[in-house]
Amino acid sequence: MSSITMNSGTTAVDGRVGREGASESWATLIAGAGNVVDYAGTGVVMRLSATATLNLWAALRRGVFLFDPAPLPAGAIIQGGSLSLYSNTTPSNNFLSNLVLTNAPVTAYTSLITADYALLHAQMVEHGTARVAVSSLIAATRFSFTLNAQALVTFQSLYDSGNVFELGLLFDWDFLSTTPVWVSGATDDITIISQNHATSANWPILTITYRVGKGHATVTLKGTLGNSGDTVTADMWAVEVFT
């Protein structure tokens, strides 16, 4: 088994899309149209915010992490993977939330638009084996998701077609369409370092483990001739090599 690690790359972006500036029900907030977007900032800020009016909400953001097509060898079969993110803050956790890793069917790979807010909620598929509790996040510390079986199937298809790997990040209340317990005027912000940050060591990291399928592996024989004119003879068998 072999593995590679990937940052977002030169074309695919990290960012967030959201709906905010209102005072509305949870159902309206999660199903409404997006009105804010950022894919050039140094941090992907997830936000969940309540108004001071009972059971009305002010803001919700959804995260996006895109990775250029994977530089895997021909015939690679994806076996596993993980997404590692760097938390730049210790959030308040007013709403006892978890973070859910999902698919990210955004409009384009090189930019984000407000319409992507609705797309991230339209056909959500969980891509992590477990959710990450907001209470576990600590400033200047990485946290990670392990890709689940559905994510591996999706990523294999994206790799085979030469497409970008797409991952989204939602609060569990958003993913489940369940209203959080309202806390007057409270806001939870989670700042996650993006690929635009000056410190590349803190960028999002996607790790993919893979093996090479039958008919694609190669074997190279290396050696040194004892004397000029010597020959090397080798017997070869057809084998399936797992790297």
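Here is what the cut-offs are and how they apply
- Residues numbered from 1 in each chain as written.
- Predicted model: local features only at pLDDT ≥ 70, side-chain atom pairs only at ≥ 80, totals over all residues.
- Heavy atoms only, no water.
- Buried < 20%, exposed > 50% of the residue type's maximum accessible area, 1.4 Å probe, protein only.
- Helix = DSSP H or I, 4+ residues; strand = E, 2+ residues; numbered from the N terminus.
- Pairing = 2+ DSSP bridges.
- Contact = heavy atoms within 4.5 Å.
- Phe/Tyr/Trp six-rings, centres within 6.5 Å; stacked < 30°, edge-to-face > 60°.
- Salt bridge = Lys/Arg side-chain N within 4 Å of Asp/Glu carboxyl O.
- Core = buried A, V, L, I, M, F, W, Y, C linked by side-chain atoms within 4.5 Å.
- Lys, Arg positive; Asp, Glu negative; His and termini not counted.

Undergrad: I keep staring at the pairing of strand β2 (residues 14-24) and nothing clicks. Help me out?
TA: Each regular strand displays side chains that alternate between the two surfaces of the sheet. Most of β2 is tucked away: eight of the 11 residues are buried. In the sheet, β2 pairs with strand β5 (residues 57-67) via eight bridges, with the strands oriented antiparallel. Within β5, the position partnered with E20 by the bridge is A59. Bridge count between β2 and strand β3 (residues 36-38): three bridges; the pairing is antiparallel. Among the inter-strand pairings, R16 is bridged to a residue of β3, identified as D38.

Undergrad: It is not clear to me how the environment of F95 should be interpreted in this structure. Could you clarify?
TA: Within the secondary structure layout, F95 lies in the loop between β6 (76-87) and β7 (98-102). According to the relative accessible area criterion, F95 is buried, its value standing at 2%. For the pair F95 and S49, spaced 46 residues apart in sequence, the C-alpha separation works out to 9.2 Å. Excluding anything up to four places from it in sequence, F95 contacts L48, A50, W57, W173, P180, V181, V183, A186 and D188.

Undergrad: It is not clear to me how the packing of aromatic side chains should be interpreted in this structure. Could you clarify?
TA: The geometry of an aromatic ring pair comes down to the distance between the two centres and the angle between the two planes. Considering all chains together, one arrives at four aromatic pairs under this definition. Geometrically, the ring pair formed by W57 and F95 is tilted, given 5.4 Å between the ring centres and 55° between the ring planes. Of this pair, W57 sits in strand β5 while F95 is found in the loop between β6 and β7, placing the two residues 38 residues apart along the sequence. Relative to F145, the ring of F143 lies with its centre 6.1 Å away and its plane at 70°, an arrangement referred to as edge-to-face. The class of F143 is buried, set by a relative accessible area of 8%.

Undergrad: Sorry if this is basic, but what is going on with the pattern of salt bridges here?
TA: Oppositely charged side chains may form a pair once their charged atoms are brought near each other. If you walk through the whole model with that rule in mind, you get six salt bridges. The residue R47 makes a salt bridge to D189 at a minimum N-O spacing of 2.7 Å. Note that R47 is positioned in strand β4 (residues 43-50) and D189 in strand β11 (residues 187-193), a separation of 142 residues in sequence. We classify D189 as partly exposed; its relative accessible area is 26%. Between R62 and D174 there is a salt bridge, with its nearest N and O atoms 2.6 Å apart.

Undergrad: Sorry if this is basic, but what is going on with the nonpolar core here?
TA: In globular proteins that are soluble, nonpolar side chains generally tend to be buried together. L99 and F165 are the most contacted members of the largest nonpolar core, which totals 56 residues. Top contributing element to this core by residue count: β5, with six residues.

Undergrad: So what exactly am I meant to see when it comes to the side chain of D172 here?
TA: Mapped onto the fold, D172 is located in helix α4 (residues 172-176). Here D172 is buried and forms no salt bridge, its nearest opposite-charge partner R131 lying at an N-O distance of 5.2 Å. Among residues more than four places away in sequence, those in contact with D172 are S97, N98, V100 and R131.

Undergrad: Teacher, can you tell me more about the environment of Q79 here?
TA: If you trace the backbone, Q79 turns up in strand β6. Accessibility expressed as a relative area gives 35% for Q79, which makes it partly exposed. The spacing of Q79 and M1 is 78 residues in sequence and 8.4 Å in space, taken between C-alpha atoms. Apart from residues no more than four positions distant in its own chain, Q79 is found in contact with M1, L152, T209, Y210 and R211.

Undergrad: What is the right way to look at unusual backbone geometry in this model?
TA: In most cases, non-glycine residues show a negative phi, while peptide bonds are predominantly trans. The backbone phi angle of L96 is positive, close to 55°, even though this residue is not glycine. As for its placement among the helices and strands, L96 is situated in the loop between β6 and β7. L96 sits in the exposed class, given a relative accessible area of 62%. One non-glycine residue, A140, lies in the positive phi region at around 60°.

Function cannot be inferred from these measures alone, as they are strictly geometric.
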